[in-house]
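The chain contents come next:
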Amino acid sequence: MNQRAAVIGRPTGTDGSDFSYRMVVDSRYTKVAKAKSRLAKLIFAQVVTQLMIAANVFVSLSRKESPDKVSVSSLAIGFVSVVAGELGRKRSRSNFLKFYIFGSSMAILLSVAYLAMRNLSLEAFQTFTSLETLKLAAALLGFVVQLFAIGTTVSLIKNMALPKRAS
């Protein structure tokens, strides 16, 4: 077998005038690829927040306390929505991505609403236990990540849609 020599300069068989016949990738496809990559990182960050909530639930179970129902329901909804988001991202399924936006938003809103209803005053911050600090960190991190995830997912769904035909 002959080894191919390194090509320097213009490939053989062309004089450079065939540029108008070459295909160009539509900018939509590059936007979709970038958004999928960004969404993968955001989904990973959401998995981290879900693990923080799970750690909180398991610590309360190990102390023989009953875990709060809001954390357990937030964990269940968040897990299902993250799985749907990952499937939607990998397979380019807009329905899964829409469910992901709705489900993950509900999971984070449950966590934030639970913390807001607990009347967290300034004195409560000074006497926080590590378990309450973990709850607060998970909710705040999840809220910030969710804002970015919504924007990225909406952009991804918009760019995945077929372009409208001009009639």
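Shown above is the structure to which this text applies.
Starting afresh in each chain, residues are numbered from 1 along the sequence in its written order. Thresholds applied to this predicted model are a pLDDT of at least 70 for local features of residues and 80 or more for the giving and counting of side-chain atom pairs; totals over whole chains, interfaces and linings are not thresholded and use all residues. As a convention, hydrogens and water are excluded, and side-chain values are obtained from all of the structure's heavy atoms.

Undergrad: Describe the packing of aromatic side chains, listing the residues and the values that go with them.
TA: How two aromatic rings sit relative to each other is set out by the distance from centre to centre and by the angle between their planes. Between the rings of Phe, Tyr and Trp (Trp by its six-membered ring), a pair exists once the centres lie within 6.5 Å; its type follows the angle of the planes, with under 30 degrees stacked, over 60 edge-to-face, and the other angles tilted. Counted according to the given criterion, the structure contains zero aromatic pairs. A cation over an aromatic ring shows up here: Arg28 above the ring of Tyr29, its NZ or CZ 5.0 Å from the ring centre. Any Lys NZ or Arg CZ that is within 6 Å of a ring centre and within 35 degrees of that ring's normal is treated as a charge sitting over the ring.

Undergrad: Before we move on, can you summarise the side chain of Thr152 with the specific residues and values?
TA: Among the secondary structure elements, Thr152 is positioned in helix 5 (residues 130-160). Contacts were defined at the residue level, with two residues in contact if any of their heavy atoms lie within 4.5 Å. For Thr152, the contacting residues outside a window of four places in its chain are Ala35, Arg38, Leu39 and Leu42. Comment: elements are numbered from the N terminus, with helices defined as DSSP H or I runs of at least four residues and strands as E runs of at least two.

Undergrad: Pulling in residues and values, what's your account of unusual backbone geometry?
TA: Leaving glycine aside, a negative phi is the common case for residues, and trans is the common case for peptide bonds. Of note in this structure, Lys64 is not a glycine but carries a positive phi near 65 degrees. For Lys64, the location among the structural elements is in the loop between helix 1 (27-62) and helix 2 (69-91). Categorising residues by exposure relies on relative accessible area from a 1.4 Å probe, with only protein chains included: less than 20% of the type maximum marks a residue as buried, more than 50% marks it as exposed, and the intermediate range marks it as partly exposed. Overall, Lys64 belongs to the exposed group, its relative accessible area being 77%. Non-glycine residue Ser92 carries a positive phi angle of around 55 degrees.

Undergrad: Please provide a residue-by-residue account of the nonpolar core, values included.
TA: When a protein is soluble and globular, its nonpolar side chains tend to lie buried together. Within the largest apolar cluster, 14 residues are counted, with the highest numbers of intra-cluster contacts made by Leu39, Ile43, Leu97, Tyr100 and Leu156. Secondary structure elements with two or more residues in this core: helix 1, helix 3 (94-117) and helix 5. Excluding anything up to four places from it in sequence, Leu97 contacts Leu39, Gly85, Gly88, Arg89, Thr153, Leu156, Ile157 and Met160. In this description, a nonpolar core means a group of buried Ala, Val, Leu, Ile, Met, Phe, Trp, Tyr and Cys residues linked to one another through side-chain atoms lying within 4.5 Å.

Undergrad: Explain helix 1 to me, and be specific about the residues and the numbers.
TA: In this model helix 1 runs 52 Å from its N-terminal to its C-terminal C-alpha over 36 residues, within 8% of the 52 Å that 1.5 Å per residue would give. At the exit of helix 1 stands Lys64, carrying a positive phi of roughly 65 degrees. Multiplying 1.5 Å by the residue count of a helix minus one yields the expected span of that helix.

Undergrad: Let's hear about the pattern of salt bridges: which residues, and what values?
TA: Throughout this description, the term salt bridge denotes a Lys or Arg side-chain nitrogen within 4 Å of a carboxyl oxygen of Asp or Glu. Evaluated as defined, the whole model comprises two salt bridges. Between Glu86 and Arg89 there is a salt bridge whose closest N-O contact spans 2.6 Å. With Glu86 and Arg89 both in helix 2 and three residues apart, the pair spans about one turn of that helix. Lys90 is paired through a salt bridge with Glu86; the nearest N and O atoms lie 3.9 Å apart. With Lys90 and Glu86 both in helix 2, this residue pair falls four residues apart, about one helical turn.

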